[in-house]
Amino acid sequence: NHEPDVVMYTLLMGAYFASGRIELALSTFSMMKRKGFKLTLSTYTTLIEGLCNHGKIDEAWKMLEDIIASGCEMKIQKLLRRIIQEALLQPVNSL
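Residues numbered from 1 in each chain as written. Predicted model: local features only at pLDDT ≥ 70, side-chain atom pairs only at ≥ 80, totals over all residues. Heavy atoms only, no water.

Observations regarding helix 3 (residues 41–53)
Side chains that are three or four residues apart share a direction in an α-helix, a result of its 3.6 residues per turn. In plain terms, the rule: By definition, any uninterrupted DSSP run of H or I lasting at least four residues is a helix, any uninterrupted run of E lasting at least two residues is a strand, and each is numbered from the N terminus. Expected helix span is computed as 1.5 Å times (number of residues minus one). Accessibility here uses a 1.4 Å probe with only protein chains present; expressed as a share of the type maximum, an area under 20% marks a residue as buried, one over 50% as exposed, and anything in between as partly exposed.
For helix 3, with 13 residues, the first-to-last C-alpha span of 18 Å sits near the 18 Å given by 1.5 Å per residue. Along helix 3, the residues that are buried comprise Thr 43, Tyr 44, Thr 45, Thr 46, Leu 47, Ile 48, Gly 50, Leu 51 and Cys 52. Backbone geometry just after helix 3 places Gly 55 at a positive phi near 75°.

Some points on the pattern of salt bridges
For side chains of opposite charge, pairing can occur when their charged atoms come near one another. Note the following rule: Each reported salt bridge corresponds to a side-chain nitrogen of Lys or Arg within 4 Å of a carboxyl oxygen of Asp or Glu.
For the coordinates displayed, the defined rule picks out three salt bridges. Between Lys 56 and Glu 59 there is a salt bridge; the shortest N-O distance is 4.0 Å. Linking Lys 75 and Glu 73 is a salt bridge whose minimum nitrogen-to-oxygen distance equals 3.7 Å. A residue is classified by how much of its surface remains accessible, and Lys 75, at 61% relative accessible area, is exposed. In this structure Glu 73 comes out as partly exposed when scored by relative accessible area, which is 46%.

Topic: the packing of helix 3 against helix 5 (residues 74–89)
Note the cut-off: Only the stretch in contact is used when a helix axis is fitted, and all axes are lines through C-alpha atoms; the angle between N-to-C directions ranges over 0 to 180 degrees. Small angles under 35 degrees read as roughly parallel and large ones over 145 as roughly antiparallel, with 65 to 115 read as roughly perpendicular and the rest as oblique. Helix crossings fall into two classes, left-handed where the near helix is turned counterclockwise from the far one by less than a right angle and right-handed where it is turned clockwise. We call two residues in contact whenever any of their non-hydrogen atoms come within 4.5 Å of each other. Polar here means any residue other than Ala, Val, Leu, Ile, Met, Phe, Trp, Tyr, Cys and Pro, which are nonpolar, and Asp, Glu, Lys and Arg, which are charged; Gly is therefore polar.
It is the contact of helix 3 with helix 5, at a shortest axis distance of 10 Å, that shows an interaxial angle of 15°. As summarised for this structure, helix 3 and helix 5 are arranged roughly parallel, according to the angle between their axes. You can see that helix 3 and helix 5 cross each other, and the crossing is right-handed. For the pair formed by helix 3 and helix 5, the contact residues are Leu 41, Tyr 44, Thr 45, Ile 48, Glu 49 and Cys 52 on the first element and Ile 76, Leu 79, Leu 80, Ile 83, Ile 84 and Ala 87 on the second. Taken together, the residues that form the contact of helix 3 with helix 5 break down as ten nonpolar, one polar and one charged.

Some points on the environment of Ser 42
By the element assignment, Ser 42 lies in helix 3. The spacing of Ser 42 and Glu 3 is 39 residues in sequence and 19 Å in space, taken between C-alpha atoms.

Focus: the side chain of Thr 45
Under the convention used in this document: Under the rule applied, a polar contact is a pair of N or O atoms within 3.5 Å (in protein, one hydrogen donor and one hydrogen acceptor; residues adjacent in sequence only if both atoms are side-chain atoms).
Relative to the helices and strands, Thr 45 is located in helix 3. By relative accessible area, which is 15% here, Thr 45 ends up buried. For Thr 45, the side chain forms a polar contact with the main-chain oxygen of Leu 41, separated by 2.8 Å.

This is the structure:
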C-alpha cells in the first residue's frame, strides 16, 4: 500500500508553509479532515505554527476553535493555545 498517510500529508503541509504557499497548506489540512485521517499532534502543531509564522494569528485562533470543537484532547488544546500566545509576543518583524 503506497497511499500517502497522515505523516506524509503533514510533511507536505509543512513544506507548503515553509515555501509561503499558505493556501496549499490549508487545502492539504482540509483534505486530510475530509478524507477522515486521524490528525496528530504534529499535524495540528504544523498548522498552527505555520499560520503564526506567516502572521496569520487570527486564522490560527479560528483553527484552534475548530480543533477544540472537534473534540481534540485538552493537552493538545493547551499546547496549541500556547503556540499562538507566544506568536503574539513576537515582534512583528520576526514573524
